[in-house]
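Here is what each chain is made of, one letter per residue.
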Amino acid sequence: MVEKVCENVAIIGCGYVGRAVACHLQKQGHFVTATTTRKERVTELEEVAAQVVIMTGNDAKAVKSVVQNQDTCLVSLAPISTRQVDAEVYRETYIPTAENLVAALKENSSVKQLIYLSSCSVYGNKNGEWVDETFGVDTDNEYNQVLGEAEQILLSSVREDLSVCILRLGGIYGPGRELMKRLSRLAGKRLPGSGENVGFWIHLDDSVRAVDFARQHRFNGIYNLVNDLRWTYRELCDYVCDKQGLERIVWDASQPSFRPLNAQISNRKIKAAGYTLIHPQTIV
Ligand SMILES: NC(=O)c1ccc[n+]([C@@H]2O[C@H](COP(=O)([O-])OP(=O)(O)OC[C@H]3O[C@@H](n4cnc5c(N)ncnc54)[C@H](OP(=O)(O)O)[C@@H]3O)[C@@H](O)[C@H]2O)c1
C-alpha cells in the first residue's frame, strides 16, 4: 500500500497513549490535531500537535469540526473523574463520542481510517480458555457492555472508502506507568481472588507503533493488542515483590477476583497482519 506522505490525523483523547501517538506522528511530518477537555493542557499538547482543540465527545458540532479534512482519526478516550469511575461515567464518555463520530463520518469523505482503542477486558470471564477476535464480548459486566457497545457503534461506520479498526489493548505500561512501581504498591495487601488469572499487558511503545501500523496498512476490524507474557497476577506480583524485597500479596480465593477478565488472549491476528512487537516479554 502506498502511504500518503503527510496525513492529517485527529486524535480524540490525548492522554497517555494519545499524546505519545501524536508525538510519534508529528515527528514523521504528519499534521496532528489533538483534543483535550481541559484548557490547562493546551500548551503541553502544542508540543506534540500542530493544532489543539478543547472539546468533549458529547459535543456533536465539535466532533464534526475535528474530523473535517482529516485522513485518519484515532479515538483514545478514557473517563476522567475525581470520584470512583462508575459504569455510568464510562457510558457518558464513550457512547456519545462514538455516536457523534459515526454521525460526523456520514457527512465526511476525507477520513479513510478510524482507529479506536478498546480493551481486551471485553472478553470477560471465559474460564481461562483461549480467545481470539471472533469470540463474543462479555455482556454481564457493565463496563464491558459499554466498551462493546462503543465498538459496535464505530464498526457500523465502515464503508468501502472508510476502514475502521478496533484495537483491544492489554493493560498499558511504560514510562510513568511502570508495572514495577504500580504493583509494588499492593505489596503485603490482601486481594480478592486466587491470583490465578493471567494478566495481559502492552507497552506504550507497542501501543503507539501498532496504531501507526494500523493507520499505514488501513486495518479493518478487531485486533487484540497484548504482548506475549502469560503470567498470572500471582506470578507477576510475586516477581515484583521478591525483586524489591517486599512482602508478597495475600490472595483470598474465597472472594471473586478483582479482575473480571479470565481468558487467554491470542495476539496471533495482529502478528499475522505483519505487526512485530517491540516489547514481547518485558514488564518494566
Ligand atoms: N490504560 C490502560 O491500561 C488501558 C488498557 C486497555 C485499554 N485502554 C484504552 O486505551 C485508551 C487510552 O488510554 P489512556 O491510558 O491513554 O487514557 P488516559 O491517559 O486516561 O487519556 C484519556 C483521554 O481521554 C480524554 N477524555 C476523557 N473524557 C473525554 C470526553 N468525554 N471527550 C473527549 N475526550 C475525553 C482525556 O482528556 P483530557 O486531556 O482532558 O484529560 C484524556 O486525554 C483508552 O481508550 C482506553 O480505553 C487503556
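Preceding block: the structure.
From a predicted model like this one, the values you see are computed outputs, not experimental measurements.

Student: Looking at this structure, I do not really get unusual backbone geometry. What am I missing?
Tutor: Excluding glycine, most residues fall at negative phi; most peptide bonds, likewise, are trans. Even without glycine at this site, Asn69 takes up a positive phi of about 65°. By the secondary structure assignment, Asn69 is in the loop between helix H3 (60-67) and strand S4 (72-75). What makes Asn69 exposed here is its relative accessible area of 57%. Unlike most non-glycine residues, Asn127 shows phi in positive territory, near 55°. Following the sequence through the fold, Asn127 ends up in strand S6 (residues 125-131).

Student: Explain the packing of aromatic side chains here, please?
Tutor: For the structure on display, the rule yields seven aromatic pairs. Between Tyr90 and Tyr143, the aromatic rings sit 5.0 Å apart at their centres with planes inclined by 90°, giving edge-to-face as the arrangement. Highlighted residues: Tyr90 in helix H4 (residues 87-106) and Tyr143 in helix H5 (residues 142-155), separated in sequence by 53 residues. By relative accessible area, Tyr90 is classed as buried at 18%. The class of Tyr143 is partly exposed, set by a relative accessible area of 29%. When the ring centre of Tyr223 is taken as reference, the NZ or CZ atom of Lys269 above it lies at 4.4 Å.

Student: Looking at this model, I keep getting lost on the site of the ligand. Mind explaining?
Tutor: Around the ligand sit 26 residues, and of these Thr36, Thr37, Arg41, Leu77 and Arg177 come closest. Ile172 places a polar main-chain atom, nitrogen or oxygen, 2.9 Å from an oxygen atom of the ligand. Taken by itself the ligand offers 900 Å² of open surface, and the protein chains cover 86% of this. Contributing elements (two or more residues each) for the shell around the ligand: helix H1 (16-27), H4, strand S5 (113-119) and strand S8 (171-173). Considering every element that reaches the shell around the ligand, the biggest residue donor is S5, with three residues.

Student: I'm lost on the side chain of His24 in this one. Help?
Tutor: With respect to the helices and strands, the residue His24 is situated in helix H1. There is a polar contact of 3.0 Å between the side chain of His24 and the side chain of Asp212. Setting aside residues no more than four positions away along its own chain, His24 makes contact with Val208, Arg209 and Asp212.

Student: Please explain the state of the cysteines as it appears in this structure.
Tutor: In protein structure, a disulfide is the covalent linkage between the sulfur atoms of two cysteines. Within the structure shown, the criterion is met by zero disulfides. As a non-bridged cysteine, Cys14 has Cys23 as the owner of its nearest cysteine sulfur, 11 Å distant. On the basis of relative accessible area, Cys14 is assigned to the buried category, the value being 2%. Between Cys120, a cysteine without a disulfide, and Cys165, which holds the nearest cysteine sulfur, the sulfur-to-sulfur distance is 15 Å. Judged by relative accessible area, Cys120 falls into the buried class, the value being 3%.

Student: What should I look at first to understand the pattern of salt bridges in this one?
Tutor: Applying the stated rule across the entire model yields 16 salt bridges. A salt bridge links Glu44 to Arg41; the shortest N-O distance between them is 3.0 Å. For Glu44, a relative accessible area of 28% translates into the label partly exposed. Here Arg41 falls in the buried class, since its relative accessible area comes to 13%. With a closest N to O distance of 2.7 Å, Arg215 and Asp212 form a salt bridge. Of this pair, Arg215 and Asp212 both sit in helix H7 (residues 204-216), three residues apart, which is roughly one turn of the helix. The class for Asp212 is buried, based on a relative accessible area of 5%. Counted as one network, the salt bridges with shared partners bring together Glu7, Asp212, Arg215 and Arg218.

Rules behind the numbers
- Residues numbered from 1 in each chain as written.
- Predicted model: local features only at pLDDT ≥ 70, side-chain atom pairs only at ≥ 80, totals over all residues.
- Heavy atoms only, no water.
- Helix = DSSP H or I, 4+ residues; strand = E, 2+ residues; numbered from the N terminus.
- Buried < 20%, exposed > 50% of the residue type's maximum accessible area, 1.4 Å probe, protein only.
- Phe/Tyr/Trp six-rings, centres within 6.5 Å; stacked < 30°, edge-to-face > 60°.
- Lys NZ or Arg CZ within 6 Å of the ring centre and 35° of its normal.
- Near = heavy atom within 4 Å.
- Polar contact = N/O pair within 3.5 Å; in protein donor to acceptor, adjacent residues only side chain to side chain.
- Areas by Shrake-Rupley, 256 points an atom, 1.4 Å probe, with all protein chains shown as cover.
- Contact = heavy atoms within 4.5 Å.
- Disulfide = S-S within 2.5 Å.
- Salt bridge = Lys/Arg side-chain N within 4 Å of Asp/Glu carboxyl O.

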